[in-house]
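The chain contents come next:
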Protein chains: 2
Amino acid sequence: MSSVFDASVLAPHVPPGMPENLIIRPLAKDDFSKGYLDLLGQLTSVGNIDQEAFEKRFEAMRVSVPNYHIVVIENTETGKVVASASLVVEMKFIHDAGSRGRVEDVVVDSAMRRQKLGAVLLKILVSLGKSLGVYKMSLECVPELLPFYSQFGFKDDCNFMTQRF
Amino acid sequence: MSSVFDASVLAPHVPPGMPENLIIRPLAKDDFSKGYLDLLGQLTSVGNIDQEAFEKRFEAMRVSVPNYHIVVIENTETGKVVASASLVVEMKFIHDAGSRGRVEDVVVDSAMRRQKLGAVLLKILVSLGKSLGVYKMSLECVPELLPFYSQFGFKDDCNFMTQRF
């Protein structure tokens, strides 16, 4: 089973005591058939991505340096991916040719809410980011989620501007 | 001269009518000796990066897919890099396995202010982002810079949270 990043990099950051049916692991190439894109569809528009397109993008991420650290939770009872969050690392020249990390695409299956799976993933990503040596981690969120993310050490910072094409 | 990304990708986005002594081009490997890190030092902490460390990071960015689109302006009269701005592209599964772009590390030499070099670079990055097909471009800024960036199509959006290690 091909992983989008090395499972041994993730292992030290996975908390003990998870329910037996919930496996935390890197995104895998066969998660196309485990509902990964349906899960992302609960977050935003995914569009029509067939298996070939999924695997092509997966492969581009897998060989990327730094890796795309896409962490998922699979419910082994249903064989479905039920939560996902990503730590994307950007190389810099500033801060001693350092790197910064971004928390991206956090989503928990609506049927699996209130089990703190989002919190589990956030703690993992922050711990992983520290271990990778990023000098800063950041995320974008709606105002309603400020209290949620503040639990994991994030503080409201500067302005964030966007434009869409 | 090695470029951090293909100069032919940049060329269509460079405006005509620049002063003859100002060359707009991708960051090059020999910009270590042209004051690139001193320029970044006007933005934030750079630390001690020797030529070997610079070239190592440069090479990692150069071979990265997607590329790090670091655009600089060189003053050929002084042989110094006097402005820089970067477009960093992140691959996604969402939005039809799309990509988003981020404007990073915008800096203009304090001796070269009021010549609209920042505006020149921003227009280039937005044009480049569109041509690369990113579905969204974003940036972080202090409130004082909202009017500046709004000129290039950016609008104040959601909250932005950070933590530093």
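Residues numbered from 1 in each chain as written. Chains lettered and ligands numbered in written order. Predicted model: local features only at pLDDT ≥ 70, side-chain atom pairs only at ≥ 80, totals over all residues. Heavy atoms only, no water.

## Structural notes on the overall build of chain A
- For chain A, the count of helices and strands is 6 helices and 7 strands.
- Start at the N end of chain A and walk to the C end: the helices and strands fall as α-β-α-α-β-β-α-β-α-β-α-β-β.
- Taken over the C-alpha trace, chain A has a radius of gyration of 16 Å; the compact-globule value for 165 residues is 15 Å, and the two agree within 12%.
- With the C-alpha coordinates of chain A rotated into their principal frame, the extents come out at 45 × 35 × 35 Å.
- Every one of the 165 residues in chain A was classed for burial, and the buried ones make up 54%.
- The long-range fraction of contacts in chain A, counting pairs at least 24 apart against all pairs at least 6 apart in sequence, stands at 63%.
- Of the roughly 7400 Å² that chain A leaves accessible, carbon and sulfur atoms contribute 50%.
- Within chain A, the 20 negative side-chain charges are centred at a point lying 5 Å from the centre of the 18 positive side-chain charges. (Helix = DSSP H or I, 4+ residues; strand = E, 2+ residues; numbered from the N terminus. Rg over C-alpha atoms; globule rule 2.2 N^0.38 Å. Buried < 20%, exposed > 50% of the residue type's maximum accessible area, 1.4 Å probe, protein only. Contact = heavy atoms within 4.5 Å. Areas by Shrake-Rupley, 256 points an atom, 1.4 Å probe, with all protein chains shown as cover. Lys, Arg positive; Asp, Glu negative; His and termini not counted. Charge placed at Lys NZ, Arg CZ, Asp CG, Glu CD.)

## Considerations on the sheet that holds strand β2 (residues 68–75) of chain A
- Strand order in this open sheet of 7 strands is β1(A)-β2(A)-β3(A)-β4(A)-β5(A)-β7(B)-β6(A), and the pairing throughout is mixed. Two strands lie at the open edges of the sheet, namely β1 (22–26) and β6 (155–156) of chain A, each paired on one side alone.
- In this structure, β2 of chain A lies alongside strand β3 (residues 80–91) of chain A, joined through 8 bridges in antiparallel fashion. When the bridges of β3 of chain A are listed, asparagine 75 of chain A appears paired with lysine 80 of chain A. (Pairing = 2+ DSSP bridges.)

## Structural notes on the interface of chain B and chain A
- On the side of chain A, 65 residues touch chain B, which itself brings 65 residues to the contact.
- Buried area between chain B and chain A, summed over both chains or domains, comes out near 5900 Å², and the portion from carbon and sulfur atoms is 56%.
- Joining chain B to chain A, the criterion identifies 12 salt bridges.
- As a salt-bridge pair, aspartate 105 of chain B and lysine 92 of chain A come within 3.0 Å of each other at their nearest N and O atoms.
- Between chain B and chain A we count 44 residue pairs in polar contact (both at pLDDT 80 or more) in total.
- Looking at the side of chain B that touches chain A residue by residue, the class counts come to 36 nonpolar, 14 polar and 15 charged.
- Pairing geometry for strand β7 (residues 159–164) of chain A and strand β6 (residues 155–156) of chain B, over 2 bridges, is antiparallel. (Buried area = accessible area lost by both parts, 1.4 Å probe. Salt bridge = Lys/Arg side-chain N within 4 Å of Asp/Glu carboxyl O. Polar contact = N/O pair within 3.5 Å; in protein donor to acceptor, adjacent residues only side chain to side chain. Nonpolar A, V, L, I, M, F, W, Y, C, P; charged D, E, K, R; others polar.)

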